[in-house]
Amino acid sequence: MDILKLLKINILVVVTELGRGKLLREVAREVFGEGVASKVWGRIEVIGDIAVIRKPPDLDIGVLRVLAQELLKRLKYVKSVWAAITPIEGAYRIRQYVHLAGEPRSVTLYKEHGCIFKIDITKVYISPALNYEHIRIAKQVQDGEFIINMFAGAGLFSIIIAKHAKPKKVISIDINPHAYELMKENVKLNKVGDVVEPVLGDAGEVVLKYKETADRILMPLPELAYKYIPRALYALKKEGIIHVYDFISAEKEEQAIEQAKIKYLTKLKELKTQPQIQHARTVRSVGPRYYQVTLDIKIMKSLHYRLCV
Ligand SMILES: C[S@@+](CC[C@H](N)C(=O)[O-])C[C@H]1O[C@@H](n2cnc3c(N)ncnc32)[C@H](O)[C@@H]1O
């Protein structure tokens, strides 16, 4: 694979341009007519030189293969097109895919914020939607911080933090062995081996080795963040910051944020800490009236706080 060529691709521009959902519908309209065009899911996700489209339940995979061939002709930087045939699922948070057209490979190099990541889209979680979150958190990191990333995937938060800030250490945990292997390669690719330490395992267990050592803890897994709050507190210094991610059902975005604040403040106060929300935002809408929300929470452990897991 031509790495330099890939490095030149401005992924953000590509995703924004394609995210409007016009291209795939236009292609479908030209090739099959309005009936098919109205059924396709317009969004195209581009990861490195791989394009991913969704398979709507009522469209045959053969139709998508024809569309994929057309995409290859029109998007010269795309070398392989895949269909995601399931939602993100399971402990490893990955989708099932079917190869549609182009080079039959699922591995690519993905660039974000000046870092390069080897990604196998079929084996590890990847979402360009976290692009802004990665840099937003990195910009908050102070010199010398000891950081734990509990759900690191292929290492995006950890490596971007190591490149854009000066932490002392980023313990970077994932339970998926493929994510762990890719993370190790990505640490080497980005030359951050002195700072980022990949760890394979259940974050809930691994953090027990780091009693009250972390200045900052990242919890980018909405399905487990809330449950693992006591574990994160165990590893957090008497005073520190946690970044939680959660899915919240609400009529409106602002309500989702308010609900998330109440949910976490209540829990953290029950655990005898003094929490202070420093920032709250929705990362994205993940369905009708369903939002991914993130909170940056400064925590001070009160005198009544007892280490418990
Ligand atoms: C949403 S993804 C993380 C995304 C990643 N931080 C990024 O920026 O691309 C969540 C990750 O948590 C991992 N995971 C799930 N359960 C876990 C656990 N108990 N301990 C550690 N990692 C876990 C999954 O394998 C997955 O890679």
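Preceding this section is the structure that the text describes.
Residues numbered from 1 in each chain as written. Predicted model: local features only at pLDDT ≥ 70, side-chain atom pairs only at ≥ 80, totals over all residues. Heavy atoms only, no water.

To continue, consider the packing of helix α6 (residues 131-138) against helix α7 (residues 156-164). For the pair α6 and α7, interaxial distance at closest approach is 9 Å and the crossing angle is 45°. Of the possible angle classes, the one that applies to α6 and α7 is oblique. Between α6 and α7 lies a crossing whose hand is right-handed. Contacts between α6 and α7 pair E133, H134, I135, I137 and A138 from the former with L156, F157, I160, I161 and H164 from the latter. Across the contact of α6 with α7, the residue classes tally to 7 nonpolar, 2 polar and 1 charged. (Axes fitted to C-alpha atoms, helices over the stretch in contact; angles between N-to-C directions. Helix = DSSP H or I, 4+ residues; strand = E, 2+ residues; numbered from the N terminus. Parallel < 35°, antiparallel > 145°, perpendicular 65-115°, else oblique. Left-handed = near helix turned anticlockwise from the far one by under 90°. Contact = heavy atoms within 4.5 Å. Nonpolar A, V, L, I, M, F, W, Y, C, P; charged D, E, K, R; others polar.)

Turning to a nonpolar patch on the surface, a few remarks are in order. A contiguous nonpolar surface patch, about 210 Å² in accessible area, is contributed by V31, F32 and V66. One can find F32 in helix α3 (residues 22-32). (Patch = residues over 30% accessible without salt bridge, like charges linked within 9 Å, V, L, I, M, F, W, Y side chains within 5 Å. Areas by Shrake-Rupley, 256 points an atom, 1.4 Å probe, with all protein chains shown as cover. Salt bridge = Lys/Arg side-chain N within 4 Å of Asp/Glu carboxyl O.)

Spatially, β1-β2-β3-β4 is the arrangement adopted by the 4 strands of the open sheet, whose pairing is mixed. In this open sheet, the two strands that pair with only one neighbour each are β1 (45-47) and β4 (97-102). On average, adjacent strands in this sheet sit at an angle of 25° to one another, irrespective of strand direction. As paired elements, β1 and strand β2 (residues 50-54) share 3 bridges and run antiparallel to each other. Residue pairing in the sheet places E45 in a bridge with V52 of β2. Along the sheet, helix α5 (residues 61-74) makes contact with β2, β3 (80-84) and β4, crossing β4 at roughly 45°. (Pairing = 2+ DSSP bridges.)

Another aspect to go through is the pattern of salt bridges. Under the criterion given, the structure shown has 24 salt bridges. For E212, the salt bridge is made with K238, and the minimal N-O distance between the two is 3.0 Å. In this pair, E212 sits in the loop between α9 (203-206) and β10 (214-219) while K238 sits in strand β11 (residues 236-249), placing the two residues 26 residues apart along the sequence. According to the relative accessible area criterion, K238 is exposed, its value standing at 54%. By sharing partners, the salt bridges in this structure join E30, E70, K73 and R74 into a single network. (Buried < 20%, exposed > 50% of the residue type's maximum accessible area, 1.4 Å probe, protein only.)

Below, the discussion takes up the packing of aromatic side chains. Scanning the model with the defined rule gives 6 aromatic pairs in all. Between the aromatic rings of W82 and Y97, the centroid separation amounts to 6.4 Å while the plane-to-plane angle is 90°, which identifies the pairing as edge-to-face. Of the two residues, W82 is situated in strand β3 and Y97 in strand β4; the sequence distance between them amounts to 15 residues. Here W82 matches Y97 in class, with each residue buried. Measuring from ring centre to ring centre gives 6.1 Å for F157 and Y245, while their planes differ by 55°; the resulting arrangement is tilted. Of this pair, F157 sits in helix α7 while Y245 sits in strand β11, placing them 88 residues apart in sequence. Considered together, F157 and Y245 belong to a single accessibility category, that of buried residues. (Phe/Tyr/Trp six-rings, centres within 6.5 Å; stacked < 30°, edge-to-face > 60°.)

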